[in-house]
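A structural walkthrough
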Amino acid sequence: MITPPTAPAAGARGRGRAVARLVGLRALLGVPTVLLVAVGVFLLAAASPFRPVYQYFGVGIFSASDADIAAAERALGLDGGVWVQLGRWLGGLLGGDLGQSLSMRQPVTQVIAERLPWTLLLVGCALLVSLVLALVAGTVAAWRHGGWFDRCVTAVGHTLEGLPPFVLALGAIAVFAVAWPVLPVAGLTDAGAAPTPEQVSRHLVLPAVVLGVSQTPWLVLHVRASLISSLDDDHVTGARARGLPETAVVLRHALPTALLPFVTVLGNRLPELVTGAVLVETVFSWPGIAAAVVTAALAVDFPLLAALTLLSAAAVLAGSLVADLIVLLLDPRVDADV
């Protein structure tokens, strides 16, 4: 005799199918999007008046012969028409060959492999700082709606919304390196020191806190507004009517409902987090992938700049997918056909 599946098992299988369907739909949309970005980046670079081979030779271009320049263009894959170069470049991308960085004289894959872990460390710590500040400050502000803490959080949040990350970074340097020199403000380690956990963690504090604080205003204001709205929901009113403590009402009944749209907002903030990382890494001389964006842009290093642009686009799509997956898993009412 075959017994029907229990409700939890059937629900788990339903969630699994919904997750698979969402991932499939996003992959169908994401792959063409990344390819479209790749083609757009290449065509913009092709329309640029700058010739990458000039960056390759540097000042030596003035003494290079036409034969040397032609040989360098063939070696760099710059010979042939635009569409020939585009086909060759896309074929290299599909094969995992991202080209040669003209400014760093390294394969682009090597540049990314060396720098990406440090950027992920910085962004991960900054995201943790931002989440803790937003959840704690936003929850307390909504809980004490109209009080002095709520007014302070709202005022500071709206003030920081229009403040660029590099301004926060310069202010942090002025306070913690000049007025009160307690933290290092540049590089991954002290001069000549090995990258030990103690060294890296000390140099990570200021960039991570600055980047996290720069992303907090939108999150904390959203948590506050969403929680204030949730506190008026029927299930929260019913919890109060049953005589539950106010702490349990807020944290166990109102806050989970308020956090569902917060997850979506957090995923949509990922592009701003990437942009902020570029500025923060530059100010603090953090050797991450975002700092390479500035180097590639100033040096007109197309292979590196194109790879980093595609990496940023993929990161934005992945962040949106992860946020939607979390909402889908937390709320069974959400439809995966999005």
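Residues numbered from 1 in each chain as written. Predicted model: local features only at pLDDT ≥ 70, side-chain atom pairs only at ≥ 80, totals over all residues. Heavy atoms only, no water.

**Some thoughts on the environment of Leu-36**
Spelled out, the test is: Put simply, DSSP H or I for four residues or longer makes a helix, DSSP E for two residues or longer makes a strand, and each gets a number counted from the N terminus. Exposure classes here rest on a 1.4 Å probe applied to the protein chains alone. A residue is buried below 20% of its type maximum, exposed above 50%, and partly exposed in between.
Position of Leu-36 relative to the elements: it lies in helix H1 (residues 7–47). A residue is classified by how much of its surface remains accessible, and Leu-36, at 64% relative accessible area, is exposed. Between the alpha carbons of Leu-36 and Leu-310 there is a distance of 9.9 Å; along the sequence they are 274 residues apart.

**Some details on the nonpolar core**
So the rule is basically this: Side-chain atoms within 4.5 Å are what join buried Ala, Val, Leu, Ile, Met, Phe, Trp, Tyr and Cys residues into a set we call a nonpolar core. In this description, contact between two residues means that some pair of their heavy atoms is separated by no more than 4.5 Å.
Counting residues in each nonpolar core, the largest one holds 23 residues, and the members touching the most others are Leu-122, Val-210, Leu-211, Phe-284 and Trp-286. Contributions of two or more residues to this core are made by helix H5 (108–143), helix H7 (165–179), helix H8 (197–230) and helix H11 (270–284). Each residue touching Leu-211, except ones within four places of it in the same chain, is listed here: Leu-122, Val-123, Ala-126, Leu-273, Gly-276, Ala-277 and Val-280. One finds Ala-142, Ile-228, Ala-239 and Leu-255 within the second-largest nonpolar core, a separate group that totals eleven residues.

**As for the packing of aromatic side chains**
Defined as follows: Stacked, tilted and edge-to-face are the three classes applied to pairs of Phe, Tyr and Trp rings, where Trp contributes its six-membered ring and a pair requires centres within 6.5 Å; stacked means planes under 30 degrees apart, edge-to-face means over 60, and tilted covers the rest. Any Lys NZ or Arg CZ that is within 6 Å of a ring centre and within 35 degrees of that ring's normal is treated as a charge sitting over the ring.
Going through the model one piece at a time under the given rule, you end up with three aromatic pairs. Taking the centre distance of 5.9 Å and the plane angle of 90 degrees together, the rings of Trp-148 and Phe-149 count as edge-to-face. Under the relative-accessibility criterion, Phe-149 is labelled partly exposed at 28%. Sitting over the ring of Trp-143, Arg-144 keeps its end group 4.9 Å from the ring centre.

**Brief notes about the layout of surface pockets**
To keep it simple, the criterion reads: Every definition here rests on a 1 Å grid over the protein atoms only: cavities are sets of points where a 1.4 Å probe fits but cannot get out, pockets are open sets enclosed by protein on both sides within 12 Å along at least five of seven lines, and lining residues have some atom within 4 Å of a point. Grid points are joined across faces, edges and corners, and a volume is the space filled by probe spheres set on the points.
Its volume calculated, the second largest pocket comes out at about 710 Å³. Contributing to the lining of the second largest pocket are 31 residues, with Val-123, Leu-270, Leu-273, Val-274 and Ala-315 lying nearest its centre. Where the lining of the second largest pocket is concerned, the elements lending two or more residues are H5, H8, helix H10 (246–268), H11, helix H12 (289–298) and helix H13 (302–330). In terms of residues, the lining of the second largest pocket owes the most to one element, H13, which gives nine residues.

Purely geometric stuff here, so don't read any function into it on its own.
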